[in-house]
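Structural description and commentary
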Amino acid sequence: MRVQDYRIHLIGGRTLHVREECNGPVESFLHHRFWRCKPDDVLEVGSPETSRAFIPARNILYISTGEPFEE
């Protein structure tokens, strides 16, 4: 399973560390979902099997990534 690490940088200076699987179409990856968000949208991260977070898109400054790796 390929996994991607993300760092979600929030406007208030906090950073959230998120890890998601890189399976499926590229459009389903976190950074692509963020690019499609409008300011009033909510970005969902995580999965129902683990835990999920719902982040208002207007609170996200930017998202950075690390190298994908096999887990």
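The structure under discussion appears in the preceding block.
Everything quoted here is computed from the prediction, not taken from an experiment.

Remarks on the overall build of the protein
Summing up its helical and strand segments, the protein has 1 helix and 6 strands in all. When its helices and strands are written in sequence order, the protein yields β-β-α-β-β-β-β. What you see for the protein is a C-alpha radius of gyration of 12 Å, in line with the 11 Å of a compact globule of 71 residues. Expressed as lengths along the three principal axes of its C-alpha atoms, the size of the protein is roughly 30 × 20 × 20 Å.

Notes on the nonpolar core
Inside soluble globular proteins, nonpolar side chains tend to come together where they are buried. Core analysis: the biggest nonpolar cluster contains 13 residues, and Ile8, Leu30, Leu43, Val45, Ile60 and Ile63 have the highest contact counts within it. Breaking this core down by element, the ones donating at least two residues are strand 1 (2–10), helix 1 (30–36), strand 3 (42–46) and strand 5 (60–65). In this structure, leucine 43 is in contact with Leu30, Arg33, Phe34, Cys37, Ala53, Phe54, Ile55, Ile60 and Ile63, ignoring residues within four places of it in sequence.

Here's the deal with the pairing of strand 2 (residues 15–21)
Two elements, strand 1 and strand 2, share 7 bridges in a ladder whose sense is antiparallel. Residue pairing across strands places aspartate 5 opposite arginine 19, the latter belonging to strand 2. The loop that links strand 1 with its antiparallel partner strand 2 comprises 4 residues; one of these, glycine 13, has a positive phi angle of about 100 degrees.

Overview of the layout of surface pockets
Considering only enclosed or pocket space, the largest pocket measures out at about 470 Å³ in volume. Around the largest pocket, the lining comprises 22 residues; the ones closest to its centre are Arg19, Glu20, Glu21, Gly46 and Ser47. Contributing elements (two or more residues each) for the lining of the largest pocket: strand 2, strand 3 and strand 4 (52–56). It is strand 2 that provides the largest number of residues to the lining of the largest pocket, a total of 6 residues. A per-class count over the lining of the largest pocket returns 8 nonpolar, 7 polar and 7 charged.

Concerning the environment of alanine 57
Checked against the element boundaries, alanine 57 lands in the loop between strand 4 and strand 5. Given a relative accessible area of 8%, alanine 57 falls into the buried group. Considered as a pair, alanine 57 and valine 42 are 15 residues apart in the sequence and their alpha carbons are 5.4 Å apart. With residues up to four places along the chain from it excluded, the contact list for alanine 57 reads Phe34, Cys37, Lys38, Pro39, Asp41 and Val42.

Rules and cut-offs
Throughout this description, residue numbers start from 1 for each chain and increase along the sequence as written. Two thresholds apply to this predicted model, a pLDDT of at least 70 for residue-level local features and 80 or more for giving and counting side-chain atom pairs, whereas whole-chain, interface and lining totals are computed over all residues. Side-chain numbers come from the whole structure's heavy atoms, not from hydrogens or water. Helix and strand definitions follow DSSP, with helices as H or I runs of at least four residues and strands as E runs of at least two, each counted in order from the N terminus. The globule rule used here is 2.2 Å times the number of residues to the 0.38 power, and the radius of gyration it is set against is calculated over C-alpha atoms. The term nonpolar core refers to a set of buried residues drawn from Ala, Val, Leu, Ile, Met, Phe, Trp, Tyr and Cys, joined through side-chain atoms within 4.5 Å. For every residue, the accessible area (1.4 Å probe, protein chains only) is compared with the maximum for its type, and the residue is labelled buried under 20%, exposed over 50%, or partly exposed between those bounds. Should any heavy atoms of two residues lie within 4.5 Å, those residues are considered in contact. A strand pair is defined by DSSP finding two or more bridges across the two strands. In this analysis the probe radius is 1.4 Å and the grid spacing 1 Å, with only protein atoms considered; a cavity is a set of points the probe fits into but cannot get out of, a pocket is an open set with protein on both sides within 12 Å along at least five of seven lines, and lining residues have an atom within 4 Å of a point. Grid points are joined across faces, edges and corners, and a volume is the space filled by probe spheres set on the points. Under the convention adopted here, Pro, Cys and the residues Ala, Val, Leu, Ile, Met, Phe, Trp and Tyr are nonpolar, Asp, Glu, Lys and Arg are charged, and Gly plus all remaining residues are polar.

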